[in-house]
Amino acid sequence: MIKVAFFDSKEYDIASFLKYEKSHDLSFKFLETRLTEDTVELARGYDAVCVFVNDTVNKAVIHKLCDFGVKVIALRCAGYNNVDLEEAHGRIRVVHVPAYSPYAVAEHAMALLLTSIRRIHKAYIRTRDFNFSLNGLTGFDLHGKTVGVIGTGKIGRIFMDICRGFGMNIVAYDKFPAKDSGINYVELNELFEKSDIISLHCPLTEETYHVIDEASIKKMKKGVVILNTSRGALIDAEALLDGIRDRKVGAACLDVYEEEADIFYEDRSGHILNDELLSRLISMPNVIVTSHQAFLTEEALNNIADTTVKNLISCFEEKGTCVNEL
Ligand code: NAI
């Protein structure tokens, strides 16, 4: 029996994972709390921990997990910027779900873009109040506009396909351009200068940290729409807010936020939000924030559970090789 402690587990995680307990030799403990240095004690006695994007898997946490005899850290997500892989190497195994539904994220990015530029979020509230005025709801056509895609991996490419369907021109930047892909790669500065819309689909690394900052916003077109469904720290949110206040940035659609860890995924309505910057961003008429929701489709949840269970089982098998080990 493989005993797994799930951290930061939500109703939808439990629903998608529970069915595997019966059909496999697995025992799950679903914990609401996030994994942090303060909560790592809860992992004592388990063979594996299953974590998500905002769990802290730093040096101190890894040391404790190793002390407790935990053998595997199973990420039920693709990104692993929250894990100190160097520290884990050779001491505890780290597996992830490299792809579960790139469509979910790419489609959410397009949903945010359309909502924002066609003012659907405003119209929805108006008509519910029987306000049928169109004043202030003027949008713009996507057809013929240029979208700049940063990161042309699984999600970036699907987003580009969707944009092609809208008749948009596409420029892209990737540190590792895909050969013979027919993608129109340009340098980052050219992408900033040419794009009416910029969508981020690269991982968070030292190089991509604050790739959208004061300097890059200066290079962008007036009225640019910025989409971020990747990781919050790709954008310097203070610089973004300045760009919005200066009327340089036309709109921002954010599914992620640099300081989201203590805020997102929970119902905080009725509480005073202790994050001035996020409050100010949300108060802007041309900013849409979703709470790291882009992955949340039935297909993605099923794929996440399926791959995570396969990862866990293969780690504890006799041969113990796992294709999704980091
Ligand atoms: P992927 O690994 O298929 O593609 C990432 C691309 O970024 C690759 O082509 C890579 O060469 C490129 N890249 C790496 N370093 C770069 C740099 N310095 N500058 C520009 N490009 C660089 O990853 P995938 O599946 O397309 O996911 C992209 C990102 O989406 C993930 O890193 C994750 O942060 C985010 N994500 C967000 C979700 C959400 O719910 N909001 C869910 C899943 C992923």
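Fair warning: this is a prediction, and the values are worked out from it, not measured in the lab. (Residues numbered from 1 in each chain as written. Predicted model: local features only at pLDDT ≥ 70, side-chain atom pairs only at ≥ 80, totals over all residues. Heavy atoms only, no water.)

Before going further, it helps to examine the side chain of Ser9. The residue Ser9 is located in the loop between strand E1 (2–6) and helix H1 (11–23) in this model. Of the residues examined, Ser9 reaches a relative accessible area of 6% and is grouped as buried. Each residue touching Ser9, except ones within four places of it in the same chain, is listed here: Phe30, Leu31, Glu32 and Arg76. (Helix = DSSP H or I, 4+ residues; strand = E, 2+ residues; numbered from the N terminus. Buried < 20%, exposed > 50% of the residue type's maximum accessible area, 1.4 Å probe, protein only. Contact = heavy atoms within 4.5 Å.)

Below, the discussion takes up the site of the ligand. Neighbouring residues of the ligand: 22 residues in total, closest Lys154, Ile155, Asp174, Thr229 and Asp255. Between the ligand and Thr229 there is a distance of 2.9 Å, counted from a nitrogen atom to a backbone nitrogen or oxygen. Take Asp255: an N or O atom from its side chain is 3.0 Å from a nitrogen atom of the ligand. For the ligand, the protein covers 85% of the area, taking 860 Å² as the surface of the free molecule. Partitioning the shell around the ligand into residue classes produces nine nonpolar, eight polar and five charged. (Near = heavy atom within 4 Å. Polar contact = N/O pair within 3.5 Å; in protein donor to acceptor, adjacent residues only side chain to side chain. Areas by Shrake-Rupley, 256 points an atom, 1.4 Å probe, with all protein chains shown as cover. Nonpolar A, V, L, I, M, F, W, Y, C, P; charged D, E, K, R; others polar.)

We now examine the packing of aromatic side chains. Under the counting rule described, the total for this entry stands at eight aromatic pairs. Note on Phe6 and Phe30: the rings are 4.7 Å apart at their centroids and 45° apart in plane angle, and the pair reads as tilted. Taken as a pair, Phe6 in strand E1 and Phe30 in strand E2 (residues 26–30) lie far apart in primary sequence, 24 residues in all. Take Phe6: its relative accessible area is 0%, and that puts it in the buried class. Seen from their ring centres, Phe28 and Phe30 are 5.8 Å apart, and the 65° between their planes marks the pair as edge-to-face. Phe28 sits in the buried class, given a relative accessible area of 10%. (Phe/Tyr/Trp six-rings, centres within 6.5 Å; stacked < 30°, edge-to-face > 60°.)

Purely geometric numbers; function is a separate question.
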